[in-house]
Amino acid sequence: MAGILSWFWNERFWLPHNVTWADLKNTDEATFPQAEDLYLACPLAFCIFMIRLVFERFIARPCALGLKIQANGPQKAQPNAILEKVFTAITKHPDEKRLEGLSKQLDWDVRTIQRWFRQRRNQEKPSTLARFCESMWRFTFYLYIFTYGVRFLKKTPWLWNTRECWYNYPYQVMVQSDVDIHYYYILELSFYLSLLFSQFTDIRRKDFPIMFLHHLATISLITFSYVNNMARVGTLVLCLHDASDILMEAAKMANYAKCQRLCNLLFVMFAMVFISSRLGLLPVWILNTTLFESWEIMGPYPSWWVFNLLLILLQILHSFWSYLIVKIACRAISRGKVSKDDRSDIESSSDEEDSPLPAPVQKHHNSTTNGTNKAHGTNGYLTAGAPCPDQH
């Protein structure tokens, strides 16, 4: 174990040339960020998760009920013992061969059986009330942490001159503002750890792998930047991300509360902040200082490359999400309102398929399905902007 730890914390990887871990040990005269500081994040992540449960139960839920948000989930599939047995014991996604066999056994057409399985899968999705509570929790945390970050960052010199992030690096001792950095970092790391694990129990969305990759990259960036004392520029990255997340969660809440105009307004604000901050400020302000100013002042070393590659990975993810935002915006312009999410966790393929499940269609009769009530099968969850609920 000692050999593994020694290999992992290799000074030639983590630190610039001619710098050792001994140089960054705390003394009576100087205090530096220590890797041991981050150990607190694991138990704190569990505490944050428990606080979230209490918040959603005793604060968010009453607020949702006050806004007349009901705990109704997606439309339930009509009871059928044979299909239920297949769904629970064999597969939730039957292939064409099994669909044809069930069609013959039940004397239903294949399309009706496909619709039954889709509704049965959606039946396990959380209600609008649960989604509102989740968004309200995230909105509250992002608002708090963003406000805290802005409050202490406006007093720091590196907010106004990013070259200050690299002068005398890595021998930048922790002063009072850096004590705020310590608290800021621990809290952000704990929150993203809680998101990483709660993602498996939260609302499942189509971009689950992308969000999982995003959380891993964020946690790695927070950890790496703190351990090798790049925390100053790290605070700028964190604060920049939190700004648009607040508006995203607010837009979701407006969507679930069926506030159409507020939903549209918040979506426009979110889209503007997201694209301008993550496709504008991040590369021009953050990547410029981490790639070019740091190279000029101190030069590259192995963990410097890792840090910048992770930032570039985040930039690629931002470009993908910006594409989705623009896609939603174009649809909103054509329809007059924000309508449908491109990463919804409720399955749908067309308006016709998402209509209420009709009575079983006997194949030997010329019966037709009732497709008059065309309700989208989406839950209205946002990637980038709040889809409004009128079309749901």
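Residues numbered from 1 in each chain as written. Predicted model: local features only at pLDDT ≥ 70, side-chain atom pairs only at ≥ 80, totals over all residues. Heavy atoms only, no water.

**Points about the side chain of E56**
Here's step 1: Its place among the elements puts E56 in helix α3 (residues 41-66).
Here's step 2: A relative accessible area of 16% places E56 in the buried class.
Here's step 3: A distance of 2.7 Å separates polar atoms of two side chains, one belonging to E56 and the other to R52.
Here's step 4: Setting aside residues up to four positions removed in sequence, E56 forms contacts with R61, C133, E134 and W137. (Helix = DSSP H or I, 4+ residues; strand = E, 2+ residues; numbered from the N terminus. Buried < 20%, exposed > 50% of the residue type's maximum accessible area, 1.4 Å probe, protein only. Polar contact = N/O pair within 3.5 Å; in protein donor to acceptor, adjacent residues only side chain to side chain. Contact = heavy atoms within 4.5 Å.)

**Concerning the side chain of E293**
Here's step 1: Summarising the element assignment, E293 is placed in helix α11 (residues 260-297).
Here's step 2: Here E293 occupies a buried position and makes no salt bridge, while the nearest side chain of opposite charge, R163, is found at 4.4 Å.
Here's step 3: Looking at E293, its side chain comes within polar contact range of the side chain of T162, at 2.8 Å.
Here's step 4: With near-sequence residues (within four places) excluded, E293 lies in contact with T162, R163, W166 and N288. (Lys, Arg positive; Asp, Glu negative; His and termini not counted. Salt bridge = Lys/Arg side-chain N within 4 Å of Asp/Glu carboxyl O.)

**Quick notes on the packing of aromatic side chains**
Here's step 1: Applying the stated criterion across every chain, the model contains 27 aromatic pairs.
Here's step 2: Judged by centre distance (5.4 Å) and plane angle (75°), the ring pair of F152 and Y184 falls under edge-to-face. Within this pair, whereas F152 is found in helix α7 (residues 128-153), its partner Y184 is found in helix α8 (residues 176-198), the two being separated by 32 residues in sequence. Both residues of the pair, F152 and Y184, belong to the buried class.
Here's step 3: Judged by centre distance (5.5 Å) and plane angle (70°), the ring pair of W295 and W304 falls under edge-to-face.
Here's step 4: With relative accessibility at 44%, the residue W295 sits in the partly exposed group.
Here's step 5: Chaining the aromatic ring pairs together yields one cluster made of F8, W9, F13, W14, W21 and F224.
Here's step 6: It is R57 that lies over the ring of F58; its NZ or CZ is 5.3 Å from the centre. (Phe/Tyr/Trp six-rings, centres within 6.5 Å; stacked < 30°, edge-to-face > 60°. Lys NZ or Arg CZ within 6 Å of the ring centre and 35° of its normal.)

**Considering α3**
Because each turn of an α-helix spans 3.6 residues, side chains separated by three or four positions end up pointing in the same direction.
Here's step 1: Here α3 contains 26 residues, and its C-alpha end-to-end distance of 35 Å stays within 8% of the 38 Å for a straight helix at 1.5 Å per residue.
Here's step 2: If you check which residues of α3 are buried, you get A41, A45, I48, R52, F55, E56, A60 and A64.
Here's step 3: Residue K68 follows α3 closely and has a positive phi angle near 65°. (Expected span 1.5 Å × (residues − 1).)

**Quick word on the confidence of the model for the protein**
Here's step 1: Averaged over every residue, the pLDDT of the protein is 82; the share at 70 or more is 83%.
Here's step 2: Per-element confidence in the protein ranges from a low mean pLDDT of 81 for helix α1 (residues 2-8) to a high of 95 for α3.
Here's step 3: This stretch, residues 342-392, has a pLDDT under 50; its non-local contacts, to residues over four places away or in other chains, come to 160 contacts. (pLDDT = per-residue confidence, 0-100.)

**Comments concerning unusual backbone geometry**
Here's step 1: For the peptide bond that leads from Y169 to P170, omega is 5°, which places it in the cis range.
Here's step 2: Residue placement: P170 occurs in the loop between α7 and α8.
Here's step 3: Phi is positive for N18, close to 70°, though the residue is something other than glycine.
Here's step 4: Mapped onto the elements, N18 comes out in the loop between α2 (11-14) and α3.
Here's step 5: One non-glycine residue, N168, adopts positive backbone phi at about 60°.
Here's step 6: Here N168 is to be found in the loop between α7 and α8.
Here's step 7: A relative accessible area of 52% means that N168 is categorised as exposed.

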